[in-house]
Each structure stands twice: as C-alpha cells, then as structure tokens.
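Letter by letter, the chains look like this.
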Amino acid sequence: MLGQKQHIVQESVPGKQVTLCHLIAHPDAGLSNKLGLCSENAIGIMTITPYEASIIAADCAIKTAAIELVVVDRFTGSLVITGGVSNLEAALTQANLFLAKVLGFETVQLTRS
C-alpha cells in the first residue's frame, strides 16, 4: 500500500439531542463587541440536532423570558440569545426542558461561565 492514498468517509447521523446549553454570565467586552452585542448582557448558547429544532428552541426561549434573539441557524442548529442572567437562565432551561419532555430529545445540563 506504499504510495496509495487512503480515503476516509465520515458520516454524521444526528439524533434528537441538545449538545450544548451554556450561559456566559459576564462575557468579556471584546467578545460582546465582536458579536455586536451590548457588553452588559449575558450570552446564552445552544446547539441542537436535528438543526431545524433550533427554531423550536428559539420560540420557546422567547416566550419564556425577556431575552433577545441574536442567531437562530436552522442549517447548523445554533441558537444564540442575550439578556439578563436570570432571564437567560430561565429561557435556556425551559427550551432544554421542552425539547426533552415534549419532543423526546436527549439534553445536556445547563453549564455556566
């Protein structure tokens, strides 16, 4: 096999899962500025598969607390929200719970930094 190229095929088969649910309580001002956000606001992040479920999570989060939707990407499953720490915690928790209880998703614990 010397001199032959090896080809590797990777396949992703996403299940119904939340892979990240994180709250950045006090983001660095440089990070907030880079994202175009108010530096006083916390940042909430979720990643979800199948990707379209990020729309459901966004809807749930917005209906739960006074937060601002920054990004909902149905092509990558990314959700970024901003607002006060307690509102973000409530919104992320409720979105995570809704996906688990109503839609049968595997979820992760809300983490915080």
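Here, every reference points to the structure presented above.
The shown structure was predicted, so the numbers you read here are calculated from the model rather than taken from an experiment. Per-chain numbering applies: the sequence of each chain, read as written, is numbered from 1 onward. Where local features are concerned, this predicted model is filtered to residues with pLDDT of at least 70; where side-chain atom pairs are given and counted, the filter is 80 or more; whole-chain, interface and lining totals use all residues. Where side-chain values are given, they derive from all heavy atoms of the structure, hydrogens and water being excluded.

Undergrad: I'd like a description of the state of the cysteines, backed by residues and values.
TA: When the sulfur atoms of two cysteines come within 2.5 Å, that pair is taken as a disulfide. Tallied over the full model, the rule gives zero disulfides. No disulfide involves Cys21; its nearest neighbouring cysteine sulfur is the one of Cys60, lying 11 Å away.

Undergrad: So what about the sheet that holds strand β4 (residues 78–83)? Which residues, and what values?
TA: An order of β3-β4-β2-β1-β5 is seen for the five strands of this open sheet, with the pairing classed as mixed. Each edge of the open sheet carries a strand with a single partner, namely β3 (67–73) and β5 (111–112). Contacts were defined at the residue level, with two residues in contact if any of their heavy atoms lie within 4.5 Å. The axes are straight lines fitted to the C-alpha atoms, using for helices just the contacting stretch, and the angles between their N-to-C directions are given from 0 to 180°. Per the convention used, a helix needs a DSSP run of H or I reaching at least four residues, while a strand needs a run of E reaching at least two, with both numbered from the N terminus. Across the sheet, helix α3 (residues 85–101) touches β1 (17–24), β2 (42–49), β3, β4 and β5, and the angle it forms with β2 is around 10°. The pairing criterion for strands is at least two bridges between them, as found by DSSP.

Undergrad: Help me get a handle on a nonpolar patch on the surface, residues and values and all.
TA: Where nonpolar side chains cluster on the molecular surface, the patch consists of Ile55, Ile62, Leu69 and Val72 and spans about 300 Å² of accessible area. When residues of the nonpolar patch are traced back to their parent elements, those giving at least two are α2 (53–64) and β3. Counting through the fold element by element, Ile55 comes out in helix α2. Under the scheme applied here, a residue whose accessible area is under 20% of the maximum for its type counts as buried, over 50% as exposed, and between as partly exposed, the area being computed with a 1.4 Å probe on protein chains only. For Ile55, a relative accessible area of 44% puts it in the partly exposed group. For patches, a residue must show more than 30% relative accessible area and have no salt bridge; joins then use 9 Å for like charges and 5 Å for nonpolar side chains, namely Val, Leu, Ile, Met, Phe, Trp and Tyr. The method behind every accessible area is Shrake-Rupley, applied with a 1.4 Å probe, and residues are considered shielded solely by the protein chains displayed. Basic side-chain nitrogens of Lys or Arg form a salt bridge, by our definition, when they fall within 4 Å of a carboxyl oxygen of Asp or Glu.

Undergrad: How would you sum up the pairing of β4? Please name residues and give values.
TA: Of all the six residues making up β4, five are buried; the element is thus mostly covered by neighbouring parts of the structure. Across six bridges, β2 lies against β4 in antiparallel orientation. Residue pairing across strands places Ala42 opposite Gly83, the latter belonging to β4. Of the pairings in the sheet, the one linking β3 to β4 comprises six bridges and is antiparallel in character. Residue pairing for β4: Asp73 is matched across the bridge by Ser78. Connecting β3 to the next strand, β4, in antiparallel fashion are four residues, including Gly77 with a positive phi near 75°.

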